[in-house]
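Letter by letter, the chains look like this.
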Amino acid sequence: MSSRDVVLGRVRAALRDAPVVAEAPREYRPAGRPADIEVLVDRLVDYKAEVHRVSSGEVAATVAKLVGGDGAVLVPPGLPLEWRPAGAFVDEGLAPDRIAAADAVLTAAAVAVAETGTIVLDASPDQGRRIITLLPDVHICVLRVEQVVAAVPDAVARLDPRRPLTWISGPSATSDIELNRVEGVHGPRHLHVLLLTD
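What counts as what
- Residues numbered from 1 in each chain as written.
- Predicted model: local features only at pLDDT ≥ 70, side-chain atom pairs only at ≥ 80, totals over all residues.
- Heavy atoms only, no water.
- Helix = DSSP H or I, 4+ residues; strand = E, 2+ residues; numbered from the N terminus.
- 1 Å grid on protein atoms, 1.4 Å probe; cavity = no way out; pocket = protein on both sides within 12 Å on 5 of 7 lines; lining within 4 Å.
- Points joined across faces, edges and corners; volume = space filled by probe spheres on them.
- Nonpolar A, V, L, I, M, F, W, Y, C, P; charged D, E, K, R; others polar.
- Patch = residues over 30% accessible without salt bridge, like charges linked within 9 Å, V, L, I, M, F, W, Y side chains within 5 Å.
- Areas by Shrake-Rupley, 256 points an atom, 1.4 Å probe, with all protein chains shown as cover.
- Salt bridge = Lys/Arg side-chain N within 4 Å of Asp/Glu carboxyl O.
- Buried < 20%, exposed > 50% of the residue type's maximum accessible area, 1.4 Å probe, protein only.
- Pairing = 2+ DSSP bridges.
- Lys, Arg positive; Asp, Glu negative; His and termini not counted.
- Polar contact = N/O pair within 3.5 Å; in protein donor to acceptor, adjacent residues only side chain to side chain.
- Contact = heavy atoms within 4.5 Å.

> So what's going on with the environment of Val138? Residues and values would help.
Here Val138 shows up in strand β7 (residues 138-144). When the C-alpha positions of Val138 and Ala102 are compared, they lie 8.8 Å apart, and in sequence the two are 36 residues distant.

> Tell me about the layout of surface pockets, residues and numbers included.
Empty pockets left among the atoms are what a rolling probe the size of a water molecule brings to light. Considered as a void within the structure, the largest pocket measures approximately 220 Å³ in volume. What lines the largest pocket is a set of 16 residues, among which Leu134, Ile168, Gly170, Ser172 and Pro188 lie closest to the centre. Counting residues per element, the ones that place at least two in the lining of the largest pocket are β9 (166-168) and β12 (190-196). With 3 residues, the single largest contributor to the lining of the largest pocket is β9. Classifying every residue of the lining of the largest pocket by side-chain character gives 6 nonpolar, 9 polar and 1 charged.

> Which residues make up a nonpolar patch on the surface, and what are the values?
On the surface, a cluster of nonpolar side chains totalling about 260 Å² of accessible area is made up of Val7, Val11 and Leu15. With respect to the helices and strands, Leu15 occurs in helix α1 (residues 3-15).

> With reference to specific residues and values, describe the pairing of strand β6 (residues 118-121).
Going residue by residue along β6, you find Thr118 and Val120 tucked away on one face and Ile119 and Leu121 tucked away on the opposite face as well. Hairpin geometry of strand β5 (residues 111-113) and β6 is characterised by an intervening segment of 4 residues between the two adjacent antiparallel strands and by a positive phi of about 65 degrees at Gly117. By the bridge criterion, 3 bridges tie β6 to β9 in an arrangement that is antiparallel. Opposite Ile119, over in β9, you have Ile168 as the bridge partner.

> So what's going on with the side chain of Arg84? Which residues, and what values?
Note on placement: Arg84 falls in the loop between β2 (73-75) and β3 (89-90). Of the side chains with opposite charge, Glu92 lies nearest to the buried Arg84, which makes no salt bridge, at 7.6 Å. One polar contact links the side chain of Arg84 to the main-chain carbonyl oxygen of Leu79, over a distance of 2.8 Å. Those residues in contact with Arg84 that lie beyond four places of it in its chain are Ala60, Val75, Pro76, Pro77, Gly78, Leu79, Val90 and Leu106.

Structural measurements only, silent on function.
Listed below in structure tokens is the structure:
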């Protein structure tokens, strides 16, 4: 008999007379409720992200305006061509220093959670590698209305757990020992969400 068997035997013996505990109810947060876009916008703004309502045809011009005419915009390889501003360069395994030199990164998203104001990336071709969303100072994320769900269970139901998931709730921020907010330590200091209206 192993030490493990001895310990587990003692635990079973100690719990033999313990009352049976009923299974905890799990119906309190059902998936499938309708998403409220205004709740998502409110949460994003509260987290200090900037939300821009644009059509698909306005994405490239909006990005160019946010970054400036000569700003270097990094994009993942699968991002739709019509969303890319003039001069955007594609991440095809770029080195970290080249990624960090970009003024902004432009990606799509996998899903967004209205209740928490969270955007989830899953490294699909239109979102790219995680590193490209961490090093540039500005992350511009295009979000379709149909990608917005009400709550976390709805998002989890849409996501593939085998993919690398990045959950974003506003720009990168932390607090120092005196509880002063410090932005940009673990990712971009600025998050712009382009919410497609079409």
